[in-house]
Amino acid sequence: MDAIVLLKDDHKTVEGLFKKFEQAGEKAYAEKRRIVDKFTKELVTHAHIEEEKDWFPQVRAAMGRKELQELGERMEAARAEAPAEPLAVKSAAQ
């Protein structure tokens, strides 16, 4: 599987869990607990993939410092524009 596709799939899964949580209703405590548990597992798995391997050094070597700096600047600009509400992210509406 393509690495970008894998990470995007992770993001879609988490966004879907946000939707389910908000749709569960105020008193759906057990369902919300299940969703939070799944959400936590997904985030831990995602963090493990990013932090326990040498992926970032490999990407750095492939892209080069200048390209990574330009990408970082674009990502930082996007961070400043990010909504606070998870479901306000464009891909969450899909």
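Computed from a prediction, not measured in an experiment: that's the story for all the values here.

So, about the layout of surface pockets. A volume near 720 Å³ is recorded for the second largest pocket. For the second largest pocket, the lining is made up of 19 residues, of which I4, L7, W55, F56 and V59 are closest to its centre. Broken down by secondary-structure element, the contributors of at least two residues to the lining of the second largest pocket are helix 1 (3–23), helix 2 (29–51), helix 3 (55–63) and helix 4 (65–81). Sorting elements by how many residues they give to the lining of the second largest pocket places helix 3 first, with six residues. Here the lining of the second largest pocket is built from residues that sort into 13 nonpolar, two polar and four charged.

Moving on to the packing of aromatic side chains. Tallied over the entire structure, the rule returns one aromatic pair. Taking 5.1 Å as the distance between ring centres and 65° as the angle between the ring planes, the aromatic pair formed by F18 and F39 counts as edge-to-face. In this pair, F18 is assigned in helix 1 and F39 in helix 2, connecting sequence segments 21 residues apart. For F18, a relative accessible area of 29% translates into the label partly exposed. The exposure class assigned to F39 is partly exposed, which follows from its relative accessible area of 21%.

Chain-level pLDDT for the protein is 86 on average; 96% of the residues reach the 70-or-more range. Least confident of the elements in the protein is helix 3, whose mean pLDDT is 85; most confident is helix 2, at 90.

Once that is clear, we can look at a nonpolar patch on the surface. Together, M1, V5 and L6 give the surface a local cluster of nonpolar side chains, amounting to about 290 Å² of exposed area. Relative to the helices and strands, M1 is located in the segment before helix 1.

Spanning 21 residues, helix 1 covers 31 Å between terminal C-alpha atoms, matching the ideal 30 Å at 1.5 Å per step. Restricting attention to buried positions, one finds in helix 1 the residues D10, V14, E15 and L17. Viewed end-on, helix 1 has its buried residues packed into an arc of 150°, placing them on one side of the element. Turned more than 90 degrees off the buried face of helix 1, the exposed positions are I4, K8, K12 and Q23. On its buried face, helix 1 is in contact with helix 2. Positive backbone phi, at 95°, marks G25, one or two positions downstream of helix 1.

Rules of the game
Residues numbered from 1 in each chain as written. Predicted model: local features only at pLDDT ≥ 70, side-chain atom pairs only at ≥ 80, totals over all residues. Heavy atoms only, no water. 1 Å grid on protein atoms, 1.4 Å probe; cavity = no way out; pocket = protein on both sides within 12 Å on 5 of 7 lines; lining within 4 Å. Points joined across faces, edges and corners; volume = space filled by probe spheres on them. Helix = DSSP H or I, 4+ residues; strand = E, 2+ residues; numbered from the N terminus. Nonpolar A, V, L, I, M, F, W, Y, C, P; charged D, E, K, R; others polar. Phe/Tyr/Trp six-rings, centres within 6.5 Å; stacked < 30°, edge-to-face > 60°. Buried < 20%, exposed > 50% of the residue type's maximum accessible area, 1.4 Å probe, protein only. pLDDT = per-residue confidence, 0-100. Patch = residues over 30% accessible without salt bridge, like charges linked within 9 Å, V, L, I, M, F, W, Y side chains within 5 Å. Areas by Shrake-Rupley, 256 points an atom, 1.4 Å probe, with all protein chains shown as cover. Salt bridge = Lys/Arg side-chain N within 4 Å of Asp/Glu carboxyl O. Expected span 1.5 Å × (residues − 1). Arc of directions from axis to C-beta. Contact = heavy atoms within 4.5 Å.

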